[in-house]
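Each chain, letter by letter, is given below.
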Protein chains: 4
Amino acid sequence: MPVSCIAKPGIVGQAGTARLLATCQDRPGIVSAVSGFLYRHGVNITHSDQHSTDPEGGRFFLRQEFYLSGLENCLGDLENEFEREVAGEYKMQWRLVPAKRKKRMVILVSRLDHALMDLLWRVGRGEMPAEIPLVISNHPDLRPQVESFGVAFHHVHVPEAHDAPRGRGLSLPEERMLEIMGAEGPIDLVVLARYMRILSPAFVKRFPQRIINIHHSFLPAFEGADPYRRAAERGVKLIGATAHYVTGKLDKGPIIEQDVIRVSHRHRLDEFKILGRDIERQVLSRAVRWHLEDRVLVDGNKTIVFA
Amino acid sequence: MPVSCIAKPGIVGQAGTARLLATCQDRPGIVSAVSGFLYRHGVNITHSDQHSTDPEGGRFFLRQEFYLSGLENCLGDLENEFEREVAGEYKMQWRLVPAKRKKRMVILVSRLDHALMDLLWRVGRGEMPAEIPLVISNHPDLRPQVESFGVAFHHVHVPEAHDAPRGRGLSLPEERMLEIMGAEGPIDLVVLARYMRILSPAFVKRFPQRIINIHHSFLPAFEGADPYRRAAERGVKLIGATAHYVTGKLDKGPIIEQDVIRVSHRHRLDEFKILGRDIERQVLSRAVRWHLEDRVLVDGNKTIVFA
Amino acid sequence: MPVSCIAKPGIVGQAGTARLLATCQDRPGIVSAVSGFLYRHGVNITHSDQHSTDPEGGRFFLRQEFYLSGLENCLGDLENEFEREVAGEYKMQWRLVPAKRKKRMVILVSRLDHALMDLLWRVGRGEMPAEIPLVISNHPDLRPQVESFGVAFHHVHVPEAHDAPRGRGLSLPEERMLEIMGAEGPIDLVVLARYMRILSPAFVKRFPQRIINIHHSFLPAFEGADPYRRAAERGVKLIGATAHYVTGKLDKGPIIEQDVIRVSHRHRLDEFKILGRDIERQVLSRAVRWHLEDRVLVDGNKTIVFA
Amino acid sequence: MPVSCIAKPGIVGQAGTARLLATCQDRPGIVSAVSGFLYRHGVNITHSDQHSTDPEGGRFFLRQEFYLSGLENCLGDLENEFEREVAGEYKMQWRLVPAKRKKRMVILVSRLDHALMDLLWRVGRGEMPAEIPLVISNHPDLRPQVESFGVAFHHVHVPEAHDAPRGRGLSLPEERMLEIMGAEGPIDLVVLARYMRILSPAFVKRFPQRIINIHHSFLPAFEGADPYRRAAERGVKLIGATAHYVTGKLDKGPIIEQDVIRVSHRHRLDEFKILGRDIERQVLSRAVRWHLEDRVLVDGNKTIVFA
C-alpha cells in the first residue's frame, strides 16, 4: 500500500481541514474501511456524521471533517488513493472538499431586498464561507444596495409573461444570465433570494442540487403563487418559509430547512409579509450556510442535513 | 331607563364573573354603548378584547369579562335589558355566559389514548372548566383508562367501510351516539380526540361550531388520511398539528390553533408519530380550553381567538 | 359639553390615526368614560387593549388606536377636553400620540454591526415608524456602513477603564454625546445596539423609559459581562437575548422582549455568538418597534406590551 | 486474533441491537480502531455519533448503535475482546448495552402529579424503554393514581425542616428509601418528578449521573425555591424548565435539556404554573428518554446529548 500523503506534525486549522462526503449502498464495513484509510494517511477526524436510511438495504451517507497537515500538496494523491482503496470497492459517490476553498455563489433577486441583504451581510461578516461574484435581478432597483457591498450587479429584464419553452431549452433572458455568469468563472451555487420568475427546466439542469430557492410558505402548504394571501384567507395560526433545492417541478424539490412564526387574527396581510420576511431570511441563510459547508446531502427528493 | 340589576359591594370571584360575547357590523360607538350599559349596571369589567376585521366596513367582535355581585339573581334581567338597550340598536349577535357554569363536553376517540388522557387529566385537575359526562369510542380498548377517571365509557361499533349517506342523514352508529349523548342531557362541545371515523354532514349540523377535531398535520398541508406518512415521504423538517372546528368539508373548518415540532432525516415514521403526539395533545388542549372559556369567535372560515 | 372637535366623513388612514395611552388606579367606569368621550367627539376606535394588574385594587392600563378626520387641526382641543372631562376625574397619566408623528431615535453602538444594521434597514424600508438623526459609536469602524444609509455617524471615544462617577454626574464622553444629540433636536428614544459601555445613572435619568438595551442573554441568567462565554461554560441548551429599558441598575430594568435559540454540545463559543446575533437583532427590533408604536407601558419594573 | 463472536445472517431487530458508549482522550485512530474491531466481529453499525470537545487535546466521545445476530450469546466475549484489543490501548471508559435490556427507573414525587403521570403514560405506551418497579413520595396523595398503572407506591414521610446532615451521611428517610429500593433489585435511574425535598450528598453519591431532576426554571436563572414566583416578579417574557443530573450542588448539575414557553403581562402566577407544567413534563420526558437510550454522556459539568 503506497501511502504518498502522510501527515507531518502540525496545527489544526482551516488550512489543512477538509470534508469527505460519501454515499453508497449500506453494508457492513464502510466506516471501518473509510476510517482505516484516513488513519493510515495520518488524518485526524475531527467530526463525523453518518446516516443510513434503513438498517437493512438502505443507503449510507457519510460526512467527515478532518485535518491533514500539508493537505494542499497531497490532495490529488489522497483522492486517487481513496478511489482505488475504498470508493471503488463500495461503489461510492464521493468528494473531498478543502474547507478553505470558498464556494462561489450567485444570487438572483427581484425587488424585495431582505433575503439578499441578509446573505450579503453574513458573507461580508465572515459568517458564511462564500464569495459572491455577482447578483442578477430582473429589476434595476437594488443596484445601489448591492454595489455598496462591492458586488457586481446585473440587470436582466425578464418579461412578465415569459414562459420558458418547457422541456426544450433556455429562454433568452436565461441565456443572457448564463453568459454573465460564465464570464465570471465557475459557479458553485445559485440562490433565488425571492426571485419572482420561474426558471426553465433547461436552466435548472445546468445546476443540479445547486440552486436553492426560498419559498414563502411552509411547504407543501401553499405551493405556487401568493402564499401569504392564501395563508391569510385560510386563517392559519402560523406562517412559514421553506428553503429547497430547485428541480423541474415547481416548489417540489428536496426541502433543506423550514421554520414558522406565530400569527393571529390581529395580523393583516401586510403584517404577514413583514413577519414572514424575518423567517424567510433566516431559513434561507441557514440552508445556504449548510450547503456552503457541505452539510446537505440529497437522497431522492429528501435531504440529509448534518447540521 | 329601568336598571333592575345593580351591583352591591362584593368580592370579585368566580361566582359573580361572566363573559359577554358580541359581534356585529363595525361602526362608531359600539364600545361606548356596551361599556356605558355595563357601567350603569354596576358591572366591573376586568378584561376586554375587541377586534375589527377592517377599520372600514369590517365586522366587530367583542369579548369582555366582568364581575357583578349577585349576578346569579339578575342574569335574566341583565340579558333582557342588554338586548333592549344595546344589542337591538347594533343588530348584535351576542351571549352572556356566567363563568361558573361549566360546559359539558363529550369526547370521541378511537384507539390512541394520548389526546384523550390529556383532556381527562386536565379536566380532573381543574385546568379546564368542563364536565365530561361520557366518552364514546368505536373500539372497546380504552374503557379501563376512561373509567379510572370516573367517566362513563360507551363503545359504539362503526364499520370500517361505513360511509355516512352524505348530505342525507345520520349513519346508524351516529344515531346510536346521539341517543347515548341525549340521555345525558345537553352537550356543549364534542371533541374528536383522534377519532378515526368521518362524521356525516347531518351529524356535524347538530353541533355547529361545537365540534373540535385535532388533525395530525399543519393544515392545509396533508389534509386527509395518513399525514405523518406523507410528511415523512415529502421530507419536511417540521411536523405539526391543527385543532379546528368541524364543518361539512373534511379538514377545511376554521382553524383554532396550530403548532409544530422539528424533525430531521434521523426520524423514522414511527418517531414522527411519537413526536407528533406531544404536539397534538398540546394543540388540542389549548383549543379546547379556549373554547370552554368562550375565547374563540368564528368569522366565516376563520377564528378570532382572544387568548 | 362643548365639543370642539368633531369628525367629518373621511377615509381612515395614517393621517387621522392616533393612539391614546392611559393608566390610573383601576375602578369601575373607566372604559365607559373614555369610550363615551371618544364617541361624542366622533372618534372611531379601531383597536383597544386594556389590562388590569389585579381585579381588585390593581392598576389599569389602556391603549386605544382611533381614527379622527381632521385630527391634526383639533388635537390640542381634544387633549384639553380629555383632561377636563375624563383624565382629571380618574387621576390618569395619559398621552395622545398622532400615528403619523415619527419618533426620533438615536442608536449607540460599538463594533458589532448586526443589531445596528437591522434597525437601519428596517427604518429605511418603512417597517418602523422612526427617524434616525444620528448614530454614535465609541469606535470609528462602522462609519461607512452607517453613512451608506444616509445617516450621520459620530465617533465619541470612551476610555475602556471609564467608570462614570456613579450617582454624581455625567462622564466627559457622555457630556459630548448629549451635546451631539442636543444639536439635533429632541430625542425620543436611545437604543443601545450592542453598545459595550455602561452609561452613568445621570445619563440614564435624562431618558427615563426611553433607553432600550439588548442584552445577549436570557435575563436574569448571565447578567453582566461575557454572557455567551458563561452560557457555554454552564452547558445550557438554549441561549437567549433580552431587550429591556435601562435603569440605574445594570441589566435589571423592565424587560420588553426575550427569545431563545437552541444550541448543543456541537456549538463552540464562536458559534454561540453567531447564533446569538440572530436572536439579538430580532428581539431588539421587536422591542424597538413596539416602543415606537407606543405599545409598551411600564408598571414598576415590568412592562405591559400590547403587541 | 481470536474472534469468538461472529455474526450469522439474521434480521436486524431489537434482539440483536446494542449500543457502545466510549470516551477517552482524543487522538488519531480511535474511530478506525473501534470500527475495525466491530467489522471483524461481523457487527453492522446502524448509527454512529462522535464528538470531540476540542480538535487538539480534547476529549473524545462515541456512541454507536449496532446489530449483531446472536448478540445475547456472545456479549461477554465481545466485551472481553473489546477491552483487550481496543479499550486498553486508548484508556477508554466504555460500556456495551444491549438495547433490549430495559432500564429500571424509580420515580420520587411529592404532590404535583403532572411530571409523574407523563412518565407513567409514556412507559405504559412503550414510548420509553423502562420498567418502573416503584414510586416513592413524601406524601400519600398520589397512591391511587400510581397504583392504577400497576406500579407499587411507597409513602416515606420526610419532615419539612429535614436537613440531611450535609457531607456526613444519609437522613433517616433516605435510609428508608434506599431500603425500599434495595428490596426491588438494582436501580438504574432515579427521577425526581417535582420531588420537593433536597437529597443529601451521601444519597446523591449512590447514584452518580443517575439522578435526573426537573427544575421549573430556565437554569441558571431562578435556581432554588419558588422560581415561578420570582419569574413573575422579574417580569420575564418566557418561562422555562431544565432537566439536569443531580450533584451535590443544588441546581448546578449537568444540564440535559431545557425549553421555554412564552408568557405575557396577562398571565398571573397561577397561570405561569399551569403553562410551566407542560414544559416541565416535556423537558423531563425528553431527558429521561435520552438517558434510557444511552444518549447522554457527561463531560465535566456539561452533557453531550446524541439525540
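1. Comments concerning the overall build of chain A
Right, on to step 1. When you go through chain A residue by residue, the secondary structure sums to eight helices and 14 strands.
Right, on to step 2. Radius of gyration (C-alpha) of chain A: 21 Å, near the 19 Å computed for a compact globule of 307 residues.
Right, on to step 3. Based on the C-alpha atoms only, the size of chain A along its principal axes is roughly 65 × 45 × 40 Å.
Right, on to step 4. In chain A, buried positions account for 62% of the 307 residues.
Right, on to step 5. A separation of at least 24 residues holds for 68% of the contacts in chain A among residues at least 6 apart in sequence.
Right, on to step 6. Total accessible area computed for chain A in this model is approximately 11900 Å², and 51% of it derives from carbon and sulfur atoms.
Right, on to step 7. Each charge class in chain A can be summarised by its mean position, and for the 42 positive and 38 negative side chains these summaries are 3 Å apart.

2. Here's the deal with the environment of Ile132(B)
All names here are of chain B.
Right, on to step 1. Take Ile132: it is sitting in the loop between β6 (130-131) and β7 (134-137).
Right, on to step 2. Of the residues examined, Ile132 reaches a relative accessible area of 12% and is grouped as buried.
Right, on to step 3. Sequence spacing of Ile132 and Arg168 is 36 residues, and the spatial spacing of their C-alpha atoms is 30 Å.
Right, on to step 4. With near-sequence residues (within four places) excluded, Ile132 lies in contact with Met105, Ile107, Leu119, Leu120, Val123 and Val151.

3. Looking at the relation of the copies chain D and chain B
Right, on to step 1. Note on the identical chains: chain D maps onto chain B by a rotation of 180° and an axial translation of 0.0 Å, with an RMSD of 0.1 Å. Both copies of the chain, as the preceding transformation shows, are related through a two-fold rotation axis. Distance from the rotation axis, computed per C-alpha, reaches its smallest value in chain D at Ser148(D): 3.8 Å.
Right, on to step 2. A shared binding surface is used by both copies, with 100% of the interface residues of chain D retained as interface residues in chain B.

4. A short note on the sheet that holds strand β11 (residues 255-262) of chain D
Residues and elements named next belong to chain D.
Right, on to step 1. As summarised here, the arrangement of the seven strands in space is β7-β6-β5-β8-β9-β10-β11, forming an open sheet in which the pairing is mixed. Looking at the sheet topology across the chains shown, the edges are occupied by β7 (152-155) and β11. Pairwise comparison of adjacent strand axes, ignoring direction, gives a mean angle of 20° for this sheet.
Right, on to step 2. Pairing of strand β6 (residues 130-137) with β7, which is carried by four bridges, proceeds in the parallel orientation. Residue pairing across strands places Ile136 opposite His154, the latter belonging to β7.
Right, on to step 3. Contacts from helix α5 (residues 172-182) reach β5 (103-109), β6, β7 and β8 (189-192), with the element oriented near 150° to β6.

5. Topic: the interface of chain A and chain B
Right, on to step 1. Every contact between the two is made by 32 residues of chain A and, on the other side, 32 residues of chain B.
Right, on to step 2. Carbon and sulfur atoms make up 56% of the surface buried where chain A meets chain B, a total of about 2700 Å² over both sides.
Right, on to step 3. Broken down residue by residue, the surface that chain A buries against chain B is led by Arg234(A), Lys237(A) and His265(A), which jointly contribute 27%.
Right, on to step 4. A salt bridge links Arg262(B) to Glu257(A); the shortest N-O distance between them is 3.0 Å.
Right, on to step 5. Where chain A packs against chain B, one counts 20 residue pairs in polar contact (both at pLDDT 80 or more).
Right, on to step 6. Among the elements of the structure, α7 (227-234), β12 (255-262) and β14 (302-305) of chain A are those that each provide at least two residues to the side of chain A that touches chain B.

6. Some remarks on the pairing of strand β10 (residues 211-215) of chain A
Every regular strand shows the same layout, with side chains that alternate between the two sheet faces.
Residues and elements named next belong to chain A.
Right, on to step 1. Burial within β10 is extensive, with five of its five residues counted as buried.
Right, on to step 2. Of the two faces of β10, the one holding Ile211, Asn213 and His215 and the one holding Ile212 and Ile214 are both buried throughout.
Right, on to step 3. Pairing of strand β9 (residues 189-192) with β10 involves three bridges; the strand directions are parallel. Looking across to β10, one finds that Leu192 is bridged to Asn213.
Right, on to step 4. Crossover connection from β9 via helix α6 (residues 201-206) to parallel β10: handedness right-handed.
Right, on to step 5. In this sheet, strand β11 (residues 238-245) lies alongside β10 in antiparallel orientation, the contact comprising four bridges. In the strand pairing of β11, His215 is matched with Thr242.

7. Side note on the pairing of β7(B)
All names here are of chain B.
Right, on to step 1. Taking every second residue as pointing to the same face, both faces of β7 are buried, with Leu134 and Ile136 on one and Val135 and Ser137 on the other.
Right, on to step 2. Two elements, strand β5 (residues 103-109) and β7, share three bridges in a ladder whose sense is parallel. Note on β7: the bridge partner recorded for Leu108 is Ile136.
Right, on to step 3. Sheet topology places β7 next to strand β8 (residues 152-155); four bridges connect them, and they run parallel. Note that in β8 the partner of Ser137 across the bridge is His155.

8. What to know about the side chain of Glu127(B)
Right, on to step 1. Take Glu127(B): it is sitting in the loop between α3 (114-124) and β6.
Right, on to step 2. In this structure Glu127(B) comes out as buried when scored by relative accessible area, which is 7%.
Right, on to step 3. Of the polar contacts made by the side chain of Glu127(B), one reaches the side chain of Arg125(B); its length is 3.1 Å.
Right, on to step 4. Those residues in contact with Glu127(B) that lie beyond four places of it in its chain are Trp121(B), Arg122(B), Arg289(B), Ile274(D) and Arg277(D).

9. A look at the nonpolar core
Right, on to step 1. Counting residues in hydrophobic clusters, the biggest one holds 100 residues, and the most contacted among them are Met105(A), Val288(A), Met105(B) and Val288(B).
Right, on to step 2. Contact partners of Val288(A), with chain neighbours within four places excluded, come to Met105(A), Leu119(A), Met128(A), Leu189(A), Val191(A) and Ile212(A).
Right, on to step 3. Within the second largest apolar cluster, 63 residues are counted, among which are Val109(C), Val123(C), Ala232(C) and Val263(D).

10. Digging into the interface of chain D and chain B
Right, on to step 1. At the interface, 17 residues of chain D touch 17 residues of chain B.
Right, on to step 2. Between chain D and chain B we count 10 salt bridges in total.
Right, on to step 3. The partner of Arg266(D) in a salt bridge is Asp49(B), with the nearest N and O atoms 3.1 Å apart.
Right, on to step 4. Taken together, the connections running from chain D to chain B amount to 12 residue pairs in polar contact (both at pLDDT 80 or more).
Right, on to step 5. The set of elements that each furnish at least two residues to the side of chain D that touches chain B consists of β2 (44-52), α3 (114-124) and α8 (269-292) of chain D.
Right, on to step 6. For the side of chain D that touches chain B, the per-class residue count stands at four nonpolar, three polar and 10 charged.

11. With respect to helix α1 (residues 30-40) of chain B
Right, on to step 1. The element α1(B) is largely enclosed, with a buried count of eight among its 11 residues.
Right, on to step 2. Within the sequence span of α1(B), burial applies to Ile30(B), Val31(B), Ser32(B), Val34(B), Ser35(B), Gly36(B), Phe37(B) and Leu38(B).
Right, on to step 3. The inward-facing, buried residues of α1(B) contact β1 (17-25), β2 (44-52), β3 (59-67) and α2 (71-90) of chain B together with α1 (30-40) of chain C.
Right, on to step 4. Just downstream of α1(B) lies Gly42(B), where phi reads positive at about 75°.

12. Observations concerning the packing of helix α3 (residues 114-125) of chain A against helix α8 (residues 269-292) of chain C
Right, on to step 1. One way to put it is that α3(A) packs onto α8(C) with a least axis distance of 13 Å and a crossing angle of 135°. Classified by the interaxial angle, the pair formed by α3(A) and α8(C) is oblique. For the crossing formed where α3(A) meets α8(C), the hand is right-handed. In this structure, α3(A) contributes Asp118(A), Trp121(A), Arg122(A) and Arg125(A) to the contact, and α8(C) contributes Arg277(C), Asp278(C) and Arg281(C).
Right, on to step 2. Looking at the contact of α3(A) with α8(C) residue by residue, the class counts come to one nonpolar, no polar and six charged.

13. Remarks on the environment of Ala225(B)
Right, on to step 1. Secondary-structure assignment places Ala225(B) in the loop between β10 (211-215) and α7 (227-234).
Right, on to step 2. Separated by 10 residues in the primary sequence, Ala225(B) and His215(B) place their C-alpha atoms 9.6 Å from one another.

14. Examining the packing of aromatic side chains
Right, on to step 1. One pass over the full model with this rule turns up 16 aromatic pairs over all chains.
Right, on to step 2. Judged by centre distance (4.8 Å) and plane angle (65°), the ring pair of Phe82(C) and Trp94(C) falls under edge-to-face. Note that Phe82(C) is positioned in helix α2 (residues 71-90) and Trp94(C) in strand β4 (residues 93-98), a separation of 12 residues in sequence.
Right, on to step 3. Judged by its relative accessible area of 22%, Trp94(C) falls in the partly exposed class.
Right, on to step 4. Note on Phe218(C) and Phe218(D): the rings are 4.6 Å apart at their centroids and 55° apart in plane angle, and the pair reads as tilted. Taken as a pair, Phe218(C) in the loop between β10 (211-215) and α7 (227-234) and Phe218(D) in the loop between β9 (211-215) and α7 (227-234) lie in two separate chains rather than in one.

15. Some thoughts on the confidence of the model for chain A
All names here are of chain A.
Right, on to step 1. Summing up the model confidence of chain A, the mean pLDDT is 91 and the portion of residues at 70 or higher is 93%.
Right, on to step 2. Scored below 50 in pLDDT, residues 1-13 makes 31 contacts in the model with residues more than four places away or belonging to other chains.
Right, on to step 3. Among the scores for the predicted complex, ipTM is 0.92 and pTM is 0.94.

The rules we used
- Residues take numbers from 1 onward in each chain, read along the sequence in its written order.
- Chain letters start at A and ligand numbers start at 1, both assigned in the order the entries are written.
- With the structure being a predicted model, the display of local features is reserved for residues of pLDDT at least 70 and the display and counting of side-chain atom pairs for 80 or more, all residues being used for whole-chain, interface and lining totals.
- Note that the side-chain values use all heavy atoms of the structure and ignore hydrogens as well as water.
- Numbering of helices and strands runs from the N terminus, with a helix taken as a DSSP run of H or I at least four residues long and a strand as a DSSP run of E at least two residues long.
- Throughout, the radius of gyration refers to the C-alpha atoms, and the reference size of a globule is 2.2 Å times the residue count to the power 0.38.
- For every residue, the accessible area obtained with a 1.4 Å probe (protein chains only) is divided by the maximum for its type, and the residue is called buried under 20%, exposed over 50%, and partly exposed between those limits.
- The contact rule is simple, with two residues in contact once any of their heavy atoms fall within 4.5 Å.
- Here the accessible surface of atoms and residues is derived via Shrake-Rupley with a 1.4 Å probe, and residues count as covered only by protein chains that are part of the display.
- His is not counted, nor are the chain ends; Lys and Arg add positive charge and Asp and Glu add negative charge.
- Where a charge lies is defined by one atom per residue type, namely NZ (Lys), CZ (Arg), CG (Asp) and CD (Glu).
- What sets the superposition is a least-squares fit of C-alpha atoms, and only residues with pLDDT of at least 70 in both copies go into it.
- Two strands are said to pair when DSSP picks up at least two bridges between them.
- In this analysis an axis means a line fitted to C-alpha atoms, helices contributing only their contacting stretch, and an angle means the value between N-to-C directions, from 0 to 180 degrees.
- Two parts lose some accessible area (1.4 Å probe) when they are put together, and adding that loss for both gives the buried area.
- Put simply, a salt bridge is a Lys or Arg side-chain nitrogen that is within 4 Å of an Asp or Glu carboxyl oxygen.
- Think of a polar contact as two N or O atoms within 3.5 Å of one another; within protein, one of them needs to be a possible hydrogen donor and the other a possible acceptor, and neighboring residues in sequence only count if both atoms come from side chains.
- When the strands point away from the viewer and the connection leading from the first strand across the helix to the second strand turns clockwise, the crossover is called right-handed.
- Among the buried residues, those of types Ala, Val, Leu, Ile, Met, Phe, Trp, Tyr and Cys that are joined through side-chain atoms within 4.5 Å form a nonpolar core.
- Gly counts as polar in this scheme, as do all residues outside two lists: the nonpolar Ala, Val, Leu, Ile, Met, Phe, Trp, Tyr, Cys and Pro, and the charged Asp, Glu, Lys and Arg.
- Angle categories are assigned with fixed cut-offs, so that under 35 degrees is roughly parallel, over 145 is roughly antiparallel, 65 to 115 is roughly perpendicular, and the rest are oblique.
- If you view the pair so one helix is near and one far, a crossing is left-handed when the near helix is turned anticlockwise from the far one by less than a right angle, and right-handed when it is turned clockwise.
- Centres within 6.5 Å make a pair out of two Phe, Tyr or Trp rings, where for Trp the six-membered ring is used; the pair is then stacked when the planes are under 30 degrees apart, edge-to-face when over 60, and tilted otherwise.
- Note: pLDDT gives the predictor's confidence per residue, expressed from 0 to 100.

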